[in-house]
Structures are given as C-alpha cells and as structure tokens.
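A structural walkthrough
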Amino acid sequence: MRPRVLVAYTSSSTHVQTTLDYLEAFGRHLDADVAYLHVTHDAMTPDNLDSYDAVILNYCARLSIRGFVSETFVDALRSYNGTKLIAVQDEYEDTNVLKDALKRIGFDYVLTCVPQDSIAYVYPRSEFPNVTFVTVLTGYVPEDLLSNRSLLPLSQRPITLGYRGRDLGARFGKLGFLKYEVGNRMRQACEARGISHDIAMDERSRIYGEAWFDFIADCRVMLGSESGSNVFDFDGSIHARYVALAAERGRKPTYEELRPVIEAREREISIGQVSPRIFECAALKTPMVLIRGRYSDVVQPERHYIPLEPDFSNIDEVFARIEDLESLAAMAERTYDDVVLSGRFSYRTFVESIGRLIDARMTSRRVAQQPSAPQYAEPSDPLRKLLRERPTSSIKIGSDFFRRHTQYSFVSHWKSILSEVTGREARTSQAYLGTCRWAEAEIRDTFKYAPSLWPHVQASRRLCNELSRLIQKYDAEKLKFEIEEADFWTETIDAPPDDVDRYVEFLENRAGEVKNNVAELNHAYNKLCGAVEELKVARDVWSGSFQAAVVRAATTILGRRASK
C-alpha cells in the first residue's frame with residue numbers, strides 16, 4: 001500500500017516559480033499519494049492528520065513568523081503521531097522563534113540549508129536530541145526547463161549582462177550587502193564602458209514565472225552572488241539595533257555603519273548557499289559571472305563560472321572574458337553537463353532522498369488510518385467556516401483564491417477587533433451610567449443643603465447630562481450598525497472581491513469609530529469626575545464655614561447671657 005503524504009504550504013508564495021517547482025516535485029516524484037494543504041493566513045485546517053503517514057511543512061509556510069502558520073494546523077501537527085518533516089530557509093532570521101516552534105511541534109526531520117559541519121552552532125544536539133537535520137539546497141534544477149526550449153546562441157542574445165537583485169539591508173551582513181552591491185557596481189561599469197545590460201535591484205523590476213526564464217535566455221551572461229546570510233540573529237537583537245540606528249540617522253544604516261554590530265557574529269559560521277538561479281542559468285546554458293564563493297559546493301570557479309572578486313579588483317578582466325564567446329559557450333556546456341545532465345541536483349533525486357527518510361521512519365511507526373472526511377473544530381465565529389481548507393491533489397495557484405482567502409481572514413480579523421472594542425464600549429457605558437447616578441446624588445445633596453453653591457451645581461449637572469447623552473447616542477449607533485452590518489454581510493458573502501474589500505473597510509472604519517467613542521466617553525467621564533470633586537470640595541468648605549459661623553453665634557449668645 002502506497003504511503004499517504006500531506007504537503008503543507010502557503011498559496012501566497014506559489015507565484016514564485018522556484019517555490020512552485022519545489023512543491024510540485026513531491027507530487028511528481030514521491031512514491032506516495034500526495035495531497036496539498038494551504039495552512040497560513042488563519043486557514044481553518046482539519047484538526048486530525050492521522051490519515052497520513054507523513055506531513056511535510058514547506059519552507060514557504062514560515063514558523064519563524066509568529067502567527068503566520070494557522071494555529072489550527074500547528075495544534076493538529078503537534079498531536080499528530082506520524083512522521084513530521086519541515087523544510088526551512090532563511091534560518092538566520094528570528095532563529096530562536098523557529099527553534100522554539102520546532103521543539104513545540106516535535107519534528108522528526110529538519111531539511112536545513114546549514115552545512116553539516118555547522119549544525120551544532122544553530123541547532124545544538126542538547127536542544128534537539130531526537131531530531132535528524134538533513135542539509136539540502138534552496139532549490140534544484142527546474143524540470144520544465146529541460147524540454148525542447150529553443151535557445152539563442154550567445155552571439156545573438158540581446159543583453160550582454162543581466163541581473164535582478166534587491167537591497168536586503170545591512171543586517172544580513174556581507175552576503176546580503178553583495179546582493180545589491182554586485183548589481184550596483186557592475187551596472188556602473190557597464191554604463192561607463194557602453195555595454196548593453198539589464199541590471200536592476202528594485203522591487204518593481206522583479207520578474208516572475210515564464211518571463212523570468214525568458215529573461216535568463218536573453219542574457220549572454222548572468223550576474224550573481226551567494227544566497228543566505230552568515231549573521232544569525234538568534235534573539236532579534238541585531239534587527240532591533242538596526243531599527244534603532246535607522247531611527248537615529250533618519251535612514252537605513254549602511255553595511256559599514258552596522259559592521260561593528262555584526263562583524264563578530266558574521267565570522268562564526270559560513271553558509272553561502274547556491275540559489276535556484278544557478279540551476280536556471282545552467283539549464284538555459286547561460287554563462288555566469290559570480291562573486292567568488294562556496295555556493296553549497298555545487299559550482300566551482302573557472303570550471304562553472306567566471307569569478308568576480310568580492311572587492312571587484314578584477315572587474316576589467318571579467319569584462320574581457322565576457323567578450324570571449326567561444327570560452328563562454330564551452331563553460332556553459334560544462335556547467336550544463338555537470339549540474340544538469342548528471343542528475344545530482346534534480347528534483348527527482350532530492351524527492352527520492354526524502355522518500356527514503358519517510359520509508360525508514362515508517363518501519364517504526366504505525367500505518368496511517370484509513371482516509372476519512374476532514375474533521376474541523378466548530379468555530380465560535382461562523383465566519384471562520386469560510387476559511388476552512390481541505391487537502392487537495394494539486395496546489396492552489398493564482399491570485400483569485402489567495403485574495404478571497406485573505407479577504408475572509410481580514411474580515412475575521414476586523415470582526416474580532418470590533419467585537420473586542422465594542423465590548424469595551426459597552427462595559428464603559430455601563431460603568432459610566434453608575435457614575436452618572438453617583439454624580440446626580442452628589443448634585444442633589446449639594447443643592448439641597450448649600451443652594452449658594454449653585455454655579456458648581458450647574459457645571460456638574462451640565463457635564464453629567466453630557467455623559468448621559470453620549471452613552472445614549474453610542475447605544476443607538478451600536479444598534480444601527482448591527483442592522484447595517486447584518487445586511488452588508490448577507491450581500492457580501494458570495495460577492496465579488498471588490499465588494500468584500502468594501503466590507504473589510506466598513507468593519508475597519510467602524511472599529512475606528514468605536515475606539516473614538518470610548519476615548520470620548522473617557523474624556524467626558526474624567527471631566528465630570530473632576531467637576532464633582534470640585535463640587536465636594538466647595539461643599540466641604542461651605543460646610544466648614546457654616547459650622548464655624550454656628551459656633552461663633554453660639555459663643556456670642558452664651559457670652560451675652562453670662563454677662564447678664
């Protein structure tokens with residue numbers, strides 16, 4: 001009987017081709033019945049996973065981001081007794097948050113980007129005695145590129161040097177800095193030499209899907225650097241320091257400015273990784289100019305790429321070699337043979353290795369229960385039912401699904417906030433009704449026994465009436481909103497996405513109004529309390545003066561009687 005495997009992911013990342021390739025590889029190459037489940041953005045997932053022999057949590061559903069993976073799935077995975085695997089990337093960010101989640105859920109295998117010789121630095125055996133850490137790559141050779149794609153010879157490719165990167169910020173150290181700097185420096189050099197290029201590091205210039213592969217195939221040479229970071233921010237203190245420096249300077253600190261903060265940490269480990277771009281270039285026979293580095297030991301300088309020194313000291317030599325088309329073509333063929341045709345870095349090879357891990361663990365674990373209809377905990381909020389996710393045989397791709405799911409998540413979020421602030425408003429109104437009754441009693445007593453304090457009485461009564469008026473006004477508004485909201489929701493539940501957006505905005509605005517109402521009630525309450533306290537002080541002064549006058553009068557009368 002074939003094992004049943006569940007792959008958990010987030011549909012918010014399936015527009016990224018590398019992530020989609022990674023996910024689809026399990027369905028293509030794992031000798032098992034594979035199902036997929038979206039598990040982020042408040043997804044209501046089945047509360048029992050025992051019909052699966054193994055569950056794989058993909059790296060796109062990041063446990064290092066608190067609350068990103070739905071609690072319903074985390075709870076189900078914690079209680080699940082089958083084989084648990086997780087693929088993790090970007091482990092250098094909020095490392096302790098990730099580690100705590102790994103311990104809490106109890107994974108059997110962690111597919112990590114950390115080299116085996118550095119596992120103890122990030123994941124000490126004393127903290128993870130029963131976990132097997134398997135070093136893997138961030139991606140593999142994309143199979144769709146191995147079809148009969150027509151490739152232009154290098155001499156006919158319109159872009160001499162191409163690159164897409166981004167400014168990751170100084171807190172990721174030298175590797176992160178070079179992601180931007182290599183593009184910046186080489187773009188300046190191309191402009192100075194009049195060399196055709198398409199180099200960009202801004203988010204608007206990012207390219208996705210098939211258009212990205214077309215871009216690579218149009219380049220004579222692709223520029224690149226190692227992925228990852230050697231700066232492990234275990235407790236978030238480096239990020240906090242980065243934010244503080246940015247606030248002090250009114251701009252993002254540069255790598256050199258942050259270097260004293262991260263330099264020692266950066267020397268503690270070396271995990272420069274090969275990025276999926278390397279495999280894409282190899283498959284499309286596009287030669288590479290790369291910053292000299294380790295690249296997970298997949299590619300070697302001179303054999304597979306033209307090395308560019310990290311200090312850019314050999315930039316002239318690099319541009320000269322770009323013009324040698326014969327040598328470039330030979331290097332591209334070598335890289336294709338070693339990296340692609342060898343099969344060592346194919347998704348099939350990767351997934352088959354994961355299959356062996358699952359098989360080994362299954363020999364000591366129970367066989368999965370027979371498949372049954374997914375069971376869900378009954379949510380207190382009926383809206384949560386709209387966020388229910390069922391395992392599917394294919395990955396949910398496309399913005400329509402994710403937009404609708406995210407919208408319902410936002411609706412649930414704002415309804416929860418609105419419920420909380422409305423409850424606070426109701427409790428405040430109820431408490432302040434008691435305040436009004438207390439103030440009215442004080443006002444009556446004062447006017448009854450000290451009519452001369454009429455100005456104080458009048459001021460307190462005016463403020464008491466104002467607080468009562470606000471309470472009545474907000475009670476009426478609440479009833480009106482509840483009627484409008486019920487009608488709005490009935491019309492929105494199956495409405496087009498734009499209508500759901502308006503409903504979310506409606507809830508968000510109402511939550512803001514209620515917060516303002518509570519603030520106004522608090523302000524009116526404080527003014528009334530202050531006025532009543534002044535009234536009581538005036539009454540005490542009046543009372544003291546009255547008593548003193550009585551004593552003086554009595555003394556005078558008694559003195560007169562004594563003199564007679």
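Thresholds, definitions, all that
- Residues numbered from 1 in each chain as written.
- Predicted model: local features only at pLDDT ≥ 70, side-chain atom pairs only at ≥ 80, totals over all residues.
- Heavy atoms only, no water.
- Helix = DSSP H or I, 4+ residues; strand = E, 2+ residues; numbered from the N terminus.
- Buried < 20%, exposed > 50% of the residue type's maximum accessible area, 1.4 Å probe, protein only.
- Contact = heavy atoms within 4.5 Å.
- Pairing = 2+ DSSP bridges.
- Right-handed = clockwise from strand over helix to strand, strands pointing away.
- Salt bridge = Lys/Arg side-chain N within 4 Å of Asp/Glu carboxyl O.
- Axes fitted to C-alpha atoms, helices over the stretch in contact; angles between N-to-C directions.
- Expected span 1.5 Å × (residues − 1).

Okay, the overall build of the protein next. Assigned secondary structure in the protein consists of 15 helices and 11 strands. A total of 564 residues make up the protein; the buried ones form 49% of that total. Contacts in the protein between residues far apart in sequence, at least 24 positions, make up 77% of those at least 6 positions apart.

In strand E5 (residues 109–112), alternate side chains face the same way, and those of Tyr 109 and Leu 111 on one face and Val 110 and Thr 112 on the other are all buried. Here three bridges tie strand E4 (residues 83–87) to E5, and the two strands are oriented parallel to one another. By the bridge assignment, Leu 85 is partnered in E5 with Tyr 109. A crossover links E4 with its parallel partner E5, the connecting element being helix H3 (residues 95–105), and its sense is right-handed. Bridge count between E5 and strand E6 (residues 132–135): four bridges; the pairing is parallel. Paired with Tyr 109 across the strands is Thr 132, a residue of E6.

For the structure on display, the rule yields 31 salt bridges. Notably, a salt bridge pairs Arg 62 with Asp 90, separated by 3.9 Å at the nearest N-O pair. Taken together, the positions of Arg 62 in the loop between strand E3 (54–57) and helix H2 (71–79) and Asp 90 in the loop between E4 and H3 put the pair 28 residues apart, joining distant regions of the chain. Of the charged contacts, one joins Glu 302 and Arg 321 as a salt bridge, the two residues approaching to 3.0 Å between their closest N and O atoms. Note that Glu 302 is positioned in the loop between strand E10 (288–291) and strand E11 (306–308) and Arg 321 in helix H10 (residues 315–322), a separation of 19 residues in sequence. It is possible to trace a salt-bridge network through shared partners that takes in Arg 241, Glu 248, Arg 249, Arg 251 and Glu 257.

Reading across from one edge, E8-E7-E9-E10-E11 is the order of the five strands in this open sheet, with parallel pairing throughout. The open sheet has two free edges, formed respectively by strand E8 (197–200) and E11, since each of these has just one partner strand. Neighbour-to-neighbour, the strand axes of the sheet open up by a mean angle of 20°, direction not taken into account. As paired strands, strand E7 (residues 159–164) and strand E9 (residues 219–224) are joined by three bridges and run parallel to one another. For Ile 159, the partnering residue across the bridge sits in E9 and is Cys 219.

A word on the pairing of E3. Burial of the side chains of E3 extends over both faces: Ala 54 and Ile 56 are buried on one face and Val 55 and Leu 57 on the other. In this structure, strand E1 (residues 4–9) lies alongside E3, joined through four bridges in parallel fashion. Residue pairing across strands places Val 5 opposite Ala 54, the latter belonging to E3. Chirality of the crossover, the property in question, places the unit of E3, H2 and E4 among those that are right-handed.

Here helix H1 (residues 17–29) contains 13 residues, and its C-alpha end-to-end distance of 18 Å stays within 8% of the 18 Å for a straight helix at 1.5 Å per residue. Listing the buried residues of H1 in full gives Gln 17, Thr 18, Thr 19, Leu 20, Asp 21, Tyr 22, Leu 23, Ala 25, Phe 26 and His 29.

Note that every value here comes from positions in space, so none of it alone points to a role or purpose.
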